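The residues making up each chain are set out below.
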Amino acid sequence: MVRYGDRSGREPRQIALLDLWVPLLLAVILLCAESIFAQENGEAPQRERKPVIVCSTTQIADFTRQVVGDRCEVRCILAPGADPHTYMPTPVDARLTARADLCLENGLHLEGKNWMATLAKDAGKPIVTVADGITPIVLDAQGEKVNDPHAWLTPRNAAIYVNNIVKAVSQLDPAGKEQYEARAKLYLQQLRVLDSWIREQFNVIPIEKRVLVTSHDAFNYFAQEFGFKNAAPVGWSTGAELGAGMTPERRKQVVDSIRRFGVKAVFVETSVNPKLVREIARDAGVRIGGQLYSDSMGEAGTAGETYIGMMRENVLTILHGLK
Amino acid sequence: MRPIVAALIWIVLVGGLTLYTHTREPVKASRSVGPQQVEGTFALEITPSFAAEPDPFALRSDADRGAPALTIRVNGKEALRVTDRTEPGRPIRVEPVPGLVQGENEIYVEANPPLSAGEGAYAVRVRFIRDGRTVTDRTFWSEPGSRIAETFLVKTLAQPQPQEQGHGH
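So, here is what we can say about the structure in this document. Note that this is a predicted model, so its numbers are computed, not measured. (Residues numbered from 1 in each chain as written. Chains lettered and ligands numbered in written order. Predicted model: local features only at pLDDT ≥ 70, side-chain atom pairs only at ≥ 80, totals over all residues. Heavy atoms only, no water.)

Notes on the overall build of chain A
Then, in step 1: Within chain A one finds 10 helices and 10 strands.
Then, in step 2: In chain A, which comprises 323 residues, the share counted as buried stands at 48%.
Then, in step 3: For chain A, the share of sequence-separated contacts (at least 6 apart) that also reach a separation of at least 24 residues comes to 63%.
Then, in step 4: As displayed, chain A offers around 16300 Å² of accessible surface, 54% of which is attributable to carbon and sulfur atoms. (Helix = DSSP H or I, 4+ residues; strand = E, 2+ residues; numbered from the N terminus. Buried < 20%, exposed > 50% of the residue type's maximum accessible area, 1.4 Å probe, protein only. Contact = heavy atoms within 4.5 Å. Areas by Shrake-Rupley, 256 points an atom, 1.4 Å probe, with all protein chains shown as cover.)

Here we look at the sheet that holds strand E4 (residues 127-129) of chain A
Residue and element names in this part refer to chain A.
Then, in step 1: Strand order in this open sheet of 4 strands is E2-E1-E3-E4, and the pairing throughout is parallel. In the strand order of this sheet, the two ends are held by strand E2 (73-76) and E4, each with one partner. Strand-to-strand twist across the sheet, computed as the mean angle between neighbouring axes with direction ignored, equals 25 degrees.
Then, in step 2: Both strand E1 (residues 52-55) and E2 contribute to a ladder of 4 bridges, which runs parallel. Each residue of the ladder has a partner; that of Cys-55, found in E2, is Cys-76.
Then, in step 3: Where helix H2 (residues 58-68) meets the sheet, its contacts fall on E1, E2 and strand E3 (102-105), and the angle it forms with E2 comes to roughly 175 degrees.
Then, in step 4: Relative to E3, helix H4 (residues 115-123) is tilted by about 165 degrees, and along the sheet it contacts E1, E3 and E4. (Pairing = 2+ DSSP bridges. Axes fitted to C-alpha atoms, helices over the stretch in contact; angles between N-to-C directions.)

Some thoughts on empty space enclosed by the protein
Residues and elements named next belong to chain A.
Then, in step 1: Here the structure, examined in full by the defined rule, presents 2 cavities of 30 Å³ or more.
Then, in step 2: Within this model, the second largest cavity holds a volume of roughly 50 Å³.
Then, in step 3: Lining the second largest cavity we find Glu-208, Lys-209, Val-211, Phe-261, Gly-262, Val-263, Lys-264 and Leu-322. (1 Å grid on protein atoms, 1.4 Å probe; cavity = no way out; pocket = protein on both sides within 12 Å on 5 of 7 lines; lining within 4 Å. Points joined across faces, edges and corners; volume = space filled by probe spheres on them.)

Some points on the pattern of salt bridges
Any two side chains of opposite charge can pair, on the condition that their charged atoms come close.
Residue and element names in this part refer to chain A.
Then, in step 1: A full pass over the atoms with the stated rule returns 21 salt bridges over all chains.
Then, in step 2: Measuring nitrogen to oxygen at the nearest pair gives 3.9 Å for the salt bridge that ties Glu-181 to Lys-177. With a gap of 4 residues between them, Glu-181 and Lys-177 both fall in helix H6 (residues 177-202), about one helical turn apart.
Then, in step 3: For Glu-181, a relative accessible area of 18% corresponds to the buried category.
Then, in step 4: Put simply, Arg-156, Asp-195, Arg-199 and Glu-225 are held in one network by salt bridges that share partners. (Salt bridge = Lys/Arg side-chain N within 4 Å of Asp/Glu carboxyl O.)

Things to note about the layout of surface pockets
Then, in step 1: Roughly 430 Å³ of internal volume is contained in the largest pocket.
Then, in step 2: Taken together, 20 residues make up the lining of the largest pocket; nearest its centre are Lys-185 of chain A together with Leu-59, Pro-68, Arg-73 and Arg-81 of chain B.
Then, in step 3: It is H6 of chain A that contributes the most residues to the lining of the largest pocket, 4 residues altogether.
Then, in step 4: Of the residues contributing to the lining of the largest pocket, the split by class is 6 nonpolar, 4 polar and 10 charged. (Nonpolar A, V, L, I, M, F, W, Y, C, P; charged D, E, K, R; others polar.)

With respect to a nonpolar patch on the surface
Then, in step 1: A cluster of nonpolar side chains, contributed by Val-5, Ile-9, Leu-13 and Val-14 of chain B, occupies part of the molecular surface with about 330 Å² of accessible area.
Then, in step 2: Structurally, Val-14 of chain B can be placed in helix H1 (residues 2-23). (Patch = residues over 30% accessible without salt bridge, like charges linked within 9 Å, V, L, I, M, F, W, Y side chains within 5 Å.)

Here we look at the sheet that holds strand E1 (residues 42-48) of chain B
All names here are of chain B.
Then, in step 1: On the basis of which strands lie adjacent, the open sheet formed by 4 strands has the order E4-E1-E6-E7 and antiparallel pairing. For this open sheet the edge positions go to strand E4 (92-94) and strand E7 (133-141), each flanked by a neighbour on one side alone. Here the average twist between neighbouring strands, direction ignored, is 15 degrees.
Then, in step 2: Direction of pairing for E1 relative to strand E6 (residues 123-130): antiparallel, over a ladder of 7 bridges. Note that in E6 the partner of Thr-47 across the bridge is Arg-125.

So, the packing of aromatic side chains
Residues and elements named next belong to chain A.
Then, in step 1: Counted under the stated rule, the structure contains 13 aromatic pairs over all chains.
Then, in step 2: On the numbers, 5.8 Å between centres and 85 degrees between planes, the contact of Phe-202 with Phe-222 is edge-to-face. Of the two residues, Phe-202 is situated in helix H6 and Phe-222 in helix H7 (residues 220-226); the sequence distance between them amounts to 20 residues.
Then, in step 3: These aromatic residues form a ring-pair network of at least three members: Phe-202, Phe-219, Phe-222, Phe-226 and Phe-228. (Phe/Tyr/Trp six-rings, centres within 6.5 Å; stacked < 30°, edge-to-face > 60°.)

Regarding the environment of Ile-46 of chain B
Residue and element names in this part refer to chain B.
Then, in step 1: Along the chain, Ile-46 turns up in strand E1.
Then, in step 2: Owing to a relative accessible area of 0%, Ile-46 belongs among the buried residues under this scheme.
Then, in step 3: It is 9.8 Å that separates the C-alpha atoms of Ile-46 and Arg-138, two residues lying 92 residues apart in sequence.
Then, in step 4: With residues up to four places along the chain from it excluded, the contact list for Ile-46 reads Leu-70, Ile-72, Leu-80, Arg-90, Pro-91, Ile-92, Val-94, Val-124, Arg-125 and Val-126.

Points about the pairing of E1 of chain B
All names here are of chain B.
Then, in step 1: Most of E1 is tucked away: 7 of the 7 residues are buried.
Then, in step 2: With burial as the criterion, each face of E1 is covered, one bearing Phe-42, Leu-44, Ile-46 and Pro-48 and the other bearing Ala-43, Glu-45 and Thr-47.
Then, in step 3: In the sheet, E1 pairs with E4 via 3 bridges, with the strands oriented antiparallel. Looking at the pairing, Glu-45 lines up with Arg-93 of E4.

Considerations on the environment of Leu-80 of chain B
All names here are of chain B.
Then, in step 1: On the secondary structure map, Leu-80 appears in strand E3 (residues 77-82).
Then, in step 2: For the pair Leu-80 and Asp-137, spaced 57 residues apart in sequence, the C-alpha to C-alpha distance is 18 Å.
Then, in step 3: Those residues in contact with Leu-80, other than ones at most four positions away along the chain, are Ile-46, Leu-70, Thr-71, Ile-72, Ile-92 and Val-94.

With respect to the nonpolar core
Then, in step 1: By size, the foremost hydrophobic cluster in this structure holds 59 residues, and its most contacted members are Leu-191, Phe-202, Phe-222 and Tyr-307 of chain A.
Then, in step 2: Contributing elements (two or more residues each) for this core: E1, H2, E3, helix H5 (155-172), H6, H7 and helix H10 (307-322) of chain A.
Then, in step 3: If we skip the residues at most four places from it in the chain, Leu-191 of chain A touches Pro-155, Ala-158, Ala-159, Val-162, Tyr-307 and Ile-308 of chain A together with Phe-57 of chain B. (Core = buried A, V, L, I, M, F, W, Y, C linked by side-chain atoms within 4.5 Å.)

Quick word on the packing of helix H3 (residues 91-98) of chain A against H4 of chain A
Residues and elements named next belong to chain A.
Then, in step 1: Between H3 and H4, whose axes approach to 9 Å, the crossing angle comes to 55 degrees. Between H3 and H4, the interaxial angle falls into the category oblique. For the pair H3 and H4, the crossing hand works out as right-handed. Contacts from Asp-93, Ala-94, Thr-97 and Ala-98 in H3 reach Leu-119, Ala-120 and Ala-123 in H4.
Then, in step 2: Class assignment for the residues of the contact of H3 with H4 results in 5 nonpolar, 1 polar and 1 charged. (Parallel < 35°, antiparallel > 145°, perpendicular 65-115°, else oblique. Left-handed = near helix turned anticlockwise from the far one by under 90°.)

Read these as layout, nothing more, since geometry by itself doesn't imply function.
Okay, structure coming up:
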C-alpha cells in the first residue's frame, strides 16, 4: 500500500487541515493589523463615528441629550456645580472642542468673556447660540443695559432652547432629523407639563408672600413667569462684568426687602458661594430655605441631574421655604 | 504549492463574500394595492370646550407654518390645522374628510388648552358624520397641563353603515 505523507511523518488528513488553517489564520491577522493601523491613524470606520457636540453648560447638554439620544456624542465643558460666569477654560477643554462637530453656547454673555465662543473660534468649529429667539429681560447695570442671560429658568424659554438645538443638529446630521424632531416633541410636552405643574404648586403661596431672595440675580425670568418679586445681593453675574458682583447698596436693598415683605427664608445656590447669603440671613433674622440650582445642574445621581429634575427640586425647595 | 492554492481559495471565498455584503441592495418591500376610496359624504365636527391656542411648546422646525392650536389627521395625513385661537364651544367642521379609505380609518385629534387657564381638565368632542348622520361621537379629556392628543378608529363600509371601534382609551 502506498502511503502519502511528508518527511515529518504526519498523516495526509492532518496536512490538508493545516493547509486550510494557515491561510485563514493569516487572513485574520491581516484584518486585525489593518483595523489597528486604521485606528492609530484616526480612521475610525465611518459607521461608528458619531457626531460630537460640545456644550458650554450642563443645562444645554441635557437639552441636547434629550434631542439626539445616542445618535451623537454630547460633551459638556462645565462640570455640575461650576460657575459659567467665572469659568476659565483649560487645555483639556481646547482638546475637547477640537474634536467637536458642533458647539452650543447659551450666549447673552453667560459664558464670562465669551469663553465658549473663543474655544470654538480657536478650534475652527461652528457654534450656535441656543438662547436666540427668547425675549430678553433687560437689566440696568450701573446705567448700562444688559440682557439677563439666565433665560433657561422658565420651561417656555427652555422650549426655545430645545427648538434651536433641533435646528442645529438637524443641519449637522440631516439623516437624523426625523428622530431628533420626534424626541423633541416628547420632551417639549414634558416641559409643557412641568410649566403647568409649577403654576399649580405656586398657586398655594399668597402673591404677597412670593418673594425670592437668592445669592445672585439669576431668577428674573423665573420670577417674572411665576409671579415672584426677586432680590439678590450679587448682580446678574458672579464675575467682574458691568453690573455684576456685590455692592454695599445691593446688600442693603436686599436686607430691607426681606424685612419689608416679611420674607420667611432666603436661598443659596449650588454654583455660588453661600457665605454672603448666610450673612444676610443672619442680619435680617431669617433662615436659609435651602439650596437652589441656577447656573448649573446637579451631580449625576442627584435629583437635579436633569433640567426637569432641577426645576422640580427648585420649586419644592422654594415652596417648603416660603410656606 | 498546496498552501498557495488553499490561500487563493480562501481569498476568493472571503473576498467574494465581502464584495457581496457591500454591494447588495436592501430587499425592497413588495408593492401593495392601494386602499379603495369610499363613497358618500363625510364630515368631522370638532368642538373644544376651551379656547385652543397655539402651543408655545410646539416643535418649530417648520416655523413658516406656525404652531397649531388644533390638528386633525386622517390616516396620518393632515386634514385640519388651526393656528389661530379658537372660540370655546364653537364647532369646527371638516367636510369633506380627505384621506378616508374603505375599511378602518384612524383619526388623530390634537388640541392645546391655554396654559394660563391653570390646572383644570378640558374636553374636545369629535363627531364623525356620514351622509348627515352621526355615526361616531367621542369626547376626549386632557390631563392637567397637557394637550389633548388622542386617536380613534372608524370603520367605513361600502354601504353607509360605518362602525366605530375603541382604540384602547
